[in-house]
Amino acid sequence: MAKHPNSTEQPSAETLEETQARLKSGGKGAPTPTRAEREAANKRPLVPNDRKEAAKQARVKAADAREKARVGMAMGDERYLPARDRGPQKKYVRDYVDARFSIGEVLIPVMFAVIVLTFIPSAEVQAIGIMSLWAFFLVAVIDVIILGQVLTRKLAAKFGADKVEKVRWYAAMRALQLRALRLPKPQVKRGKYPA
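Values in this document were obtained by computation on a predicted structure and should not be read as measured data.

Reading the values: rules and limits
- Note that residues are indexed from 1 along each chain, following the sequence as it is written.
- Predicted model: local features are reported for residues with pLDDT of at least 70 only, side-chain atom pairs are reported and counted for 80 or more only, and whole-chain, interface and lining totals are derived from all residues.
- Heavy atoms throughout the structure, all of them, feed into the side-chain values; hydrogens and water do not.
- Where helices and strands are cited, they refer to DSSP runs of H or I of at least four residues and of E of at least two residues respectively, numbered from the N terminus.
- Here, axes are lines fitted to C-alpha atoms. For helices the fit covers the stretch in contact, and angles between N-to-C directions go from 0 to 180 degrees.
- Reported orientations rely on four angle classes, namely roughly parallel under 35 degrees, roughly antiparallel over 145, roughly perpendicular from 65 to 115, and oblique for the rest.
- Note: crossing handedness is left-handed where the near helix turns anticlockwise from the far helix by less than a right angle, and right-handed where it turns clockwise.
- In this analysis, two residues are considered to be in contact whenever any of their non-hydrogen atoms come within 4.5 Å of each other.
- Three categories are distinguished: nonpolar for Ala, Val, Leu, Ile, Met, Phe, Trp, Tyr, Cys and Pro, charged for Asp, Glu, Lys and Arg, and polar for the others, with Gly belonging to the last.
- By this rule the span expected of a helix is its residue count minus one, scaled by 1.5 Å.
- Relative accessibility under 20% of the residue-type maximum defines a buried residue, over 50% an exposed one, and the middle range a partly exposed one, all with a 1.4 Å probe and only protein chains included.
- Think of a salt bridge as a Lys or Arg side-chain nitrogen and an Asp or Glu carboxyl oxygen that are within 4 Å of each other.
- The term polar contact refers here to a pair of N or O atoms within 3.5 Å; inside protein, the definition further demands a hydrogen-donor-capable atom paired with an acceptor-capable atom, and it admits residues adjacent in sequence only when both atoms are side-chain atoms.
- Among the buried residues, those of types Ala, Val, Leu, Ile, Met, Phe, Trp, Tyr and Cys that are joined through side-chain atoms within 4.5 Å form a nonpolar core.

Even after reading the chapter, I still don't get unusual backbone geometry, so can you show me in this structure?
Residues apart from glycine generally show negative phi values, whereas peptide bonds are mostly found in trans. At the junction of Leu183 and Pro184, the peptide bond is cis and its omega measures out at -10° in the coordinates. Mapped onto the elements of the fold, Pro184 is located in the segment after α7 (168-175).

Here it is, written out as structure tokens:
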């Protein structure tokens, strides 16, 4: 009897490894499973057999996801930023604020110095410290007001006057933070203003 030209001859005795390799390579080699067999193979228990191990793996996975999100946010990756930091205008504001020196950046060290001065028993030194703090705070507020006006004009020129978001408060809060503590981390060096 002549064999069909497309038929393949298989050896009569096949080892277990060869059979597994043939089945993995996409060859049929076995009858189609019934629906009940497929459903039984797909069933998974709702509760894993080893709850402690499953909980440990879930904690590790969650910690990895949190670390990835933390690093992504620090680097300014849009996927990991909260809604208040997203968008091209917010990025422009961050870059502009980070490129300039703001008076408010040194507000925390000045406040710490005034607290130290209040421990000196002299009433005059304490009064000078408090008055200096209020004067410094007033200068910082004036600085962020000017910053807000400048940024509003620059955003209107870059993105169009009708599309400018309200970013003055956002810029002020970033300008009043120490540069090292800002999140997302500064992506530009001082003096490198965005175009």
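Picking up after the structure, the text goes on.
Please clarify how the packing of helix α5 (residues 107-117) against helix α6 (residues 123-159) should be interpreted in this entry.
For any two helices packed against each other, the geometry comes down to the angle between their axes and how far apart the axes lie. Two elements in contact, α5 and α6, have axes whose closest approach is 9 Å; the angle formed by their N-to-C orientations is 165°. Taken together, the axes of α5 and α6 lie roughly antiparallel to each other. Judged by the twist between their axes, the crossing of α5 over α6 is left-handed. Residues Leu107, Val110, Met111, Val114 and Leu117 of α5 form the contact with α6, whose own contacting residues are Val125, Gln126, Gly129, Ile130, Leu133, Phe136 and Phe137. In terms of residue class, the contact of α5 with α6 is made up of ten nonpolar, two polar and no charged.

Could you clarify how one ought to interpret α6 in this entry?
Every α-helix winds through 3.6 residues per turn, so residues three or four apart in the chain are directed the same way. Taking 1.5 Å of rise per residue, 37 residues should cover 54 Å, and α6 covers 53 Å from first to last C-alpha, within 8% of that figure. Buried residues belonging to α6 abut α4 (88-99), α5 and α7. One or two positions beyond α6, positive phi appears at Gly160, with a value near 100°.

Whenever I open this one, the environment of Leu81 confuses me. Can you help?
Along the chain, Leu81 turns up in the loop between α3 (51-74) and α4. For Leu81, a relative accessible area of 1% gives the class buried. Once the C-alpha coordinates of Leu81 and Leu183 are considered, the two residues, 102 residues apart in sequence, prove to be 9.5 Å apart. Those residues within four positions of Leu81 in sequence are excluded, and the remaining contacts are Met73, Gly76, Arg86, Arg94 and Pro184.

Please explain the pattern of salt bridges as it appears in this structure.
For side chains of opposite charge, pairing can occur when their charged atoms come near one another. Inspection of every chain in the model, using the stated rule, returns eleven salt bridges. Each of Asp98, Glu105, Arg174, Arg182 and Arg190 takes part in salt bridges that share partners, so that together they form one network.

Looking at this structure, I do not really get the environment of Arg182. What am I missing?
Mapped onto the secondary structure, Arg182 falls in the segment after α7. On a C-alpha basis, the gap between Arg182 and Ala74 in space is 8.7 Å, while along the polypeptide they are 108 residues apart. Not counting residues up to four positions away in its chain, the partners in contact with Arg182 are Val97, Asp98, Glu105, Arg174, Ala175 and Gln177. In this structure the side chain of Arg182 is engaged in a polar contact, spanning 3.4 Å, whose partner is the backbone oxygen of Gln177.

Whenever I open this one, the packing of α6 against α7 confuses me. Can you help?
Two elements in contact, α6 and α7, have axes whose closest approach is 9 Å; the angle formed by their N-to-C orientations is 130°. Here α6 is positioned oblique relative to α7, judged by the angle of their axes. Seen from above, α6 lies across α7 with right-handed handedness. Across the interface between the two elements, Val144, Leu147, Gly148, Gln149, Leu151 and Thr152 of α6 pack against Arg168, Ala171, Ala172 and Ala175 of α7. Looking at the contact of α6 with α7 residue by residue, the class counts come to six nonpolar, three polar and one charged.

Quick question: what am I supposed to make of the side chain of Asp95 here?
Its place among the elements puts Asp95 in helix α4. If near-sequence neighbours (up to four positions away) are discounted, Asp95 is found in contact with Gln187, Val188 and Pro194.

Please clarify how the nonpolar core should be interpreted in this entry.
For soluble globular proteins, the rule of thumb is that nonpolar side chains tend to be buried together. Counting 14 residues, the largest nonpolar core has Val93, Val97, Leu147, Leu151 and Ala171 as the members making the most contacts within it. Broken down by secondary-structure element, the contributors of at least two residues to this core are α4, α6 and α7. Per element, the largest residue contribution to this core is five residues, and it comes from α6. Apart from the residues lying within four places of it in its own chain, the contact partners of Ala171 are Val93, Val97, Leu147 and Leu151.

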